[in-house]
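Each chain, letter by letter, is given below.
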Amino acid sequence: MGEREKRDWIPLLLLLPTLIYLIAFLGYPLIETFILAFTSDQGALGNFKRLTATGEFWEALRNTLLITAVIVPLQLGFALMLALFINMKFKGYTFILYIISIPLALSDVSASLMSYTIFAPMGYLNKLLMNLHIIDRPIYFFGFTYQTREFWVIVLTEVWRATPLVFVIILAGLQAVNKEYLEAADIFGFSRWQKFTRIILPLLKPSILSALLIRTLFAFQIFGVVWLLAGRDIPILAGEAYYWQTEVNNSNVACTYGLVIALVSLIISWAYLTFLKPGHLEGEVTE
Amino acid sequence: MAEVKMVGLKKYFGAVRALDGIDLEIEDGKFVVLLGPSGCGKTTLLRCVSGLEKVTDGRVLFNEKDVTDLPPKSRNVSMVFQSYAVWPHMKVYDNIAYPMKIKKYDRAEIEKRVEWAARLLNIHELLDRYPAQLSGGQRQRVAVARAIVLEPAVLLMDEPLSNLDALLRVMMRSELKKLQERLGTTTIYVTHDQVEAMTMGDMIAVMNQGKLQQYGKPEEIYHKPANMFVAGFIGSPRMNFLNVEFMEEKGEYYLMSDIFRFPVGNEKVQELKRTNTKKFVFGIRPEDIHLEGEKEYSVEGEVYFTERLGADTILHVKVDKERLVAKLPGDVVLKEGERITIYMDPEKFHLFHPETEQAVI
Amino acid sequence: MRYRIKKALIVFASIMIALWFLTPVVLIVLASLTPSSEYYDPHKILPTKLTLDHLYKLFVVLDGWQATLNSLEVAGVAIGLSFLIGLPAGYALTRFVFKGKNFFRLLILLTRSFPALVMAVPLVVLYLKIGISDTLFGVALAHTSMILPFVVLITSSILAGISVEYEEAGMIFGLSRFQSFLKITLPLALPGLAASAIFAFIMSWNEVFVASVLTLINRTLPAHILNTAIASPDYFKFAAGTVMAVPAMVFIFFTRKYLVSMWGISLK
Ligand SMILES: Nc1ncnc2c1ncn2[C@@H]1O[C@H](COP(=O)(O)OP(=O)(O)OP(=O)(O)O)[C@@H](O)[C@H]1O
Ligand SMILES: [Mg+2]
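The structure contained in this document is the topic of the report that follows. (Residues numbered from 1 in each chain as written. Chains lettered and ligands numbered in written order. Predicted model: local features only at pLDDT ≥ 70, side-chain atom pairs only at ≥ 80, totals over all residues. Heavy atoms only, no water.)

Moving on, we come to the overall build of chain A. Looking only at helices and strands, chain A features 13 helices and zero strands. The C-alpha extent of chain A, read off along each of the three principal axes, is 75 × 70 × 30 Å. Looking at chain A residue by residue over its 287 residues, the buried ones come to 54%. For chain A, restricting intrachain contacts to residue pairs at least 6 apart in sequence, the fraction spanning at least 24 positions comes to 68%. With the model as given, the accessible surface of chain A reaches about 13,300 Å², and the carbon-plus-sulfur share is 67%. Charged side chains of chain A number 20 positive and 20 negative; the gap between the two group centres comes to 8 Å. (Helix = DSSP H or I, 4+ residues; strand = E, 2+ residues; numbered from the N terminus. Buried < 20%, exposed > 50% of the residue type's maximum accessible area, 1.4 Å probe, protein only. Contact = heavy atoms within 4.5 Å. Areas by Shrake-Rupley, 256 points an atom, 1.4 Å probe, with all protein chains shown as cover. Lys, Arg positive; Asp, Glu negative; His and termini not counted. Charge placed at Lys NZ, Arg CZ, Asp CG, Glu CD.)

What follows is about the pattern of salt bridges. For the coordinates displayed, the defined rule picks out 28 salt bridges over all chains. Of the charged contacts in the structure, one is a salt bridge between E196 of chain B and R173 of chain B, with a shortest N-O distance of 4.0 Å. Residue E196 of chain B is located in helix α6 (residues 194–200), and its partner R173 of chain B is located in helix α5 (residues 166–183); the two are separated by 23 residues in the primary sequence. With respect to burial, E196 of chain B and R173 of chain B carry one shared label: buried. Sharing partners across several salt bridges, the network here consists of K11, R47 and E53 of chain B together with E168 of chain C. (Salt bridge = Lys/Arg side-chain N within 4 Å of Asp/Glu carboxyl O.)

Counting residues at the interface gives 23 residues for chain B and 15 residues for chain C. Summed over both partners, the interface of chain B with chain C buries about 1,700 Å², with 69% contributed by carbon and sulfur atoms. The largest contributions to the chain B side of the interface with chain C come from K73, W87 and H89 of chain B, which together make up 29% of the buried area. Put simply, chain B and chain C have one salt bridge between them. In this structure, E168 of chain C engages R47 of chain B in a salt bridge whose closest nitrogen and oxygen atoms are separated by 2.8 Å. At the surface where chain B touches chain C, the tally comes to four residue pairs in polar contact (both at pLDDT 80 or more). (Buried area = accessible area lost by both parts, 1.4 Å probe. Polar contact = N/O pair within 3.5 Å; in protein donor to acceptor, adjacent residues only side chain to side chain.)

Another point: the site of ligand 1. S38, G39, K42, T43 and T44 of chain B are the nearest of the 15 residues found near ligand 1. At the site occupied by ligand 1, nearby residues are drawn from chains A and B. Within the backbone of C40 of chain B, one N or O atom sits 3.2 Å away from an oxygen atom of ligand 1. Summarising the interface, the protein chains cover 68% of the accessible area of ligand 1, which totals 640 Å² for the free molecule. Secondary structure elements with two or more residues in the shell around ligand 1: β2 (16–26) and α1 (42–50) of chain B. It is α1 of chain B that provides the largest number of residues to the shell around ligand 1, a total of three residues. (Near = heavy atom within 4 Å.)

Axes are the key here: two packed helices are described by the angle between their axes and the distance separating the axes. Residues and elements named next belong to chain C. The contact between helix α4 (residues 64–95) and helix α9 (residues 177–206) brings their axes to 9 Å, and the two run at 135 degrees. The angle between α4 and α9 falls in the class oblique. Every pair of crossing elements has a handedness; the one defined by α4 and α9 is right-handed. Residue-level contacts link T68, S71, L72, V74, A75, I79, F83, L87, Y91 and R95 of α4 to R177, F181, T185, L186, L193, S196, A197, A200, F201, S204 and W205 of α9. Among the residues forming the contact of α4 with α9, the class breakdown is 14 nonpolar, five polar and two charged. (Axes fitted to C-alpha atoms, helices over the stretch in contact; angles between N-to-C directions. Parallel < 35°, antiparallel > 145°, perpendicular 65-115°, else oblique. Left-handed = near helix turned anticlockwise from the far one by under 90°. Nonpolar A, V, L, I, M, F, W, Y, C, P; charged D, E, K, R; others polar.)

Our focus in this paragraph is the sheet that holds strand β11 (residues 240–249) of chain B. Residue and element names in this part refer to chain B. Strand order in the open sheet formed by five strands is β13-β12-β11-β14-β20, with antiparallel pairing between adjacent strands. Where the open sheet ends on each side, the last strands, each with one partner, are β13 (261–263) and β20 (350–352). Averaged over all pairs of adjacent strands, the angle between their axes in this sheet comes to 40 degrees, without regard to strand direction. For β11 and strand β14 (residues 279–284), the ladder comprises six bridges, and the chain directions are antiparallel. If you follow L242 over to β14, its bridge partner there is F282. (Pairing = 2+ DSSP bridges.)

A few words on the side chain of T215 of chain C. Residues and elements named next belong to chain C. Relative to the elements of secondary structure, T215 occurs in the loop between α10 (209–214) and α11 (221–228). Classification of T215 as buried rests on a relative accessible area of 1%. Residue contacts for T215: discarding those within four places in its chain leaves D134, T135 and V139.

The next thing to look at is the environment of I108 of chain C. By the secondary structure assignment, I108 of chain C is in helix α5 (residues 101–111). Judged by its relative accessible area of 1%, I108 of chain C falls in the buried class. With 41 residues separating them in the primary sequence, I108 of chain C and P149 of chain C have C-alpha atoms 5.5 Å apart. When near neighbours in sequence (up to four residues on either side) are disregarded, I108 of chain C contacts T18 and L22 of chain A together with P149, V152 and L153 of chain C.

Residue and element names in this part refer to chain B. Both strand β9 (residues 203–208) and strand β10 (residues 211–216) contribute to a ladder of five bridges, which runs antiparallel. Bridge assignment links I204 to a residue of β10, and that residue is G216. With antiparallel pairing between neighbouring strands as the criterion, β9 and β10 make up a hairpin whose turn holds two residues, including Q209 at a positive phi of roughly 45 degrees.

Let us now look at the side chain of T220 of chain C. All names here are of chain C. Examined against the element boundaries, T220 turns out to sit in the loop between α10 and α11. For T220, a relative accessible area of 3% puts it in the buried group. Sequence-distant contacts of T220, that is, excluding residues within four places in its chain, are made with A67, N70, S71, V74, V139 and A211.

Counting residues at the interface gives 99 residues for chain C, matched by 85 residues for chain A. Of the roughly 8,300 Å² buried between chain C and chain A, counting both surfaces, carbon and sulfur atoms make up 77%. Summed over the shared surface of chain C and chain A, the result is zero salt bridges. Remark: the boundary between chain C and chain A carries eight residue pairs in polar contact (both at pLDDT 80 or more). A per-element tally of the side of chain C that touches chain A places helix α1 (residues 2–32) of chain C first, with 15 residues.

Below, the structure written as structure tokens:
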């Protein structure tokens with residue numbers, strides 16, 4: 001429909017500003033990142049050597065991977081349950097839908113501050129437990145000595161904040177599942193569980209994959225939540241990049257971190273697209 | 001008011017030749033129906049005339065003035081879109097008034113004209129509604145009102161009745177036709193409904209695969225189809241086609257097929273002799289086959305089946321390996337398998353050249 | 001009976017979900033209004049009186065007001081720029097056929113997975129060179145590059161939902177293509193465009209990494225919070241969180257109709 005014009009230069013003219021802008025603000029920085037990352041007083045690979053020689057880098061890499069590995073499956077599981085629940089379309093479900101989508105509007109900064117409200121030494125959780133006389137001194141969730149607790153608070157915050165993102169994608173996929181498939185299954189006497197595993201899940205696969213891909217990419221770039229709740233107690237890649245840029249004023253190392261993140265993101269995308277049936281996903285992504 | 005001329009009009013979409021060299025001259029004030037199967041290029045033709053589409057090659061002239069490179073707004077054309085395209089964010093009144101507002105008519109004039117058009121199309125009670133609150137037929141009338149209110153030089157209508165129910169369609173058909181007669185606006189009207197074409201058009205242009213097949217009065221198109229495509233496309237059920245050979249025996253001339261041998265009248269013999277072939281395609285419309293007539297033009301066969309449509313009975317006759325279709329009065333009752341004799345009207349058959357498919361007679 | 005149980009389960013689950021998602025929001029607002037004396041009193045879970053002190057101090061003493069204005073300015077410029085640049089591209093993607101269209105679409109999609117921090121650091125260097133380092137305009141330019149792909153995709157999908165024939169009818173009745181777009185298509189697209197502008201606003205309003213890297217003094221609200229909140233007393237953190245959250249939630253409320261589809265697009 002409507003795609004009838006033949007003069008080729010008009011659409012190109014219309015696209016040109018976008019193209020130029022993206023080249024200037026994404027393309028150029030990308031190249032510059034490479035240049036900066038490969039520039040140091042110890043030869044082209046100096047920054048990488050410097051990076052891998054420090055314990056922080058490996059720790060940051062490990063933590064980033066760990067956080068990603070923990071939160072993505074949790075988010076997916078919760079989101080799936082929420083989506084199935086909302087898709088029952090009970091009375092008043094739109095209201096619950098709105099409530100679930102509230103975190104979509106919140107930044108990682110405000111989400112972490114909310115979680116701090118609860119887990120701070122004088123936060124609501126501690127006060128509640130103390131008043132119920134379950135504990136008599138506050139439990140500390142933050143600080144270098146409590147890294148494990150910090151880690152789980154971060155996980156909880158991220159799950160709270162980002163599950164709705166996954167939820168929205170899966171719900172959209174779920175709503176596209178043809179009701180007749182399920183009715184057909186009823187006729188053939190499928191059980192609830194069979195319906196879920198044999199029909200809904202396979203049909204949802206494309207949505208689940210794209211949700212997974214997106215979440216993994218973003219989880220890998222996690223910054224605000226960790227930085228606010230744990231600072232550098234729990235080093236992560238983006239946080240290290242930030243640290244090297246703003247505190248040490250060393251753009252070269254910061255860019256090296258950036259490049260590592262970009263590289264791993266690329267590998268993740270590639271892995272998803274290659275191993276998990278690209279055909280489905282592409283259809284999903286392009287429209 | 002304008003005379004419209006298309007000269008060698010071509011429009012290609014990549015490899016698709018939507019228009020493949022159209023030459024057409026439309027007299028001022030005529031109602032021309034553009035008829036053809038789906039995808040033959042009707043909409044594309046309208047869009048080229050309106051200027052919405054840039055032509056690949058050829059010219060469009062209004063009153064001998066070349067408008068090929070003018071944008072739509074400078075052509076003084078109006079259009080009723082296939083989907084109506086009644087602007088959803090404007091009330092009916094504003095929809096009709098907007099073209100005049102664009103052209104900076106003064107208020108009183110606008111009001112007068114909207115009133116006139118709305119009364120004409122019987123939508124004056126709907127002026128205060130939004131298009132979403134109208135039925136399909138009402139919306140369509142708004143589209144027509146909007147198109148005529150400025151008295152355009154050329155009025156283009158793209159299947160404007162295709163979305164209406166049968167009753168409304170018949171009603172609108174005659175309303176539109178009367179309207180056009182009253183206004184005298186040169187009109188090009190696209191349809192692939194034959195009845196619509198026959199009843200409404202002063203002239204009919206039949207198209208196929210981007211080419212103009214025939215341009216003529218409805219009777220001409222029906223009685224003197226220029227080629228096999230037009231002959232087969234116009235009329236329902238479709239014309240019967242049979243291969244025949246033109247032959248002479250003892251000074252008499254015959255058309256001979258597998259199932260009959262008909263004598264040919266003298267005037268026709270001269271015509272047939274002038275062609276470069278002895279083989280022809282013989283065509284006869286179902287309505288020109290009867291249950292009685294001249295013995296020489298009869299064929300014997302077996303009733304294959306009948307379709308009783310009420311007013312008509314469609315008879316399918318098996319004659320050896322051939323099948324013939326006849327359109328008979330509705331009260332005729334025939335049994336399957338019954339042997340019958342059918343008679344063809346000797347004045348009504350057509351002959352086509354087997355290769356060029358052009359009409360010979 | 002079974003029906004009753006099912007209904008009870010649904011209600012129960014709904015309440016749990018609502019509690020899970022709403023509690024943190026309610027608590028931070030509450031905490032931001034709690035007087036510090038009560039906050040540090042371990043025996044008082046809920047405050048007995050409320051105060052606007054922290055919000056006042058955040059805004060006035062800690063320059064939160066300036067940072068909020070900065071954020072608004074950045075978001076405003078970024079939205080304006082990205083619609084100015086992105087709308088024509090979105091229009092081209094829906095209304096024209098041309099070579100390389102799918103490639104362009106793919107390119108735009110790809111930029112969505114571009115890590116923001118790869119962009120931020122080189123921009124610091126670039127901005128120093130061209131003299132816009134530590135300016136709001138610089139941040140706005142960076143945010144534009146983030147928002148722009150979203151705007152292109154969303155406008156193209158909004159415009160695709162508006163039949164070309166409306167626009168063509170405008171052209172038939174005396175408008176040029178551009179006028180017809182302005183007078184016919186744009187008004188029809190407006191609700192959708194407004195909703196996407198709100199989404200773009202939230203993207204910019206919430207963005208913290210790039211804003212923090214690119215500025216030192218002229219900070220946007222989240223960047224300001226990120227860098228001062230850590231060193232501030234708790235109740236300022238809560239006030240800051242509340243200030244960040246409330247506008248975004250209000251905006252989301254007005255666009256809830258578009259919520260699912262919009263996020264669907266922005267995430268792809
Ligand atoms: N924008 C386009 N891009 C490519 N091909 C097109 C385009 N518009 C039309 N065509 C092709 O040109 C041919 C003629 O199309 P057109 O719309 O003129 O047909 P039509 O006669 O109006 O058919 P219908 O009766 O179904 O409306 C068709 O084969 C169609 O597929
Ligand atoms: Mg058509």
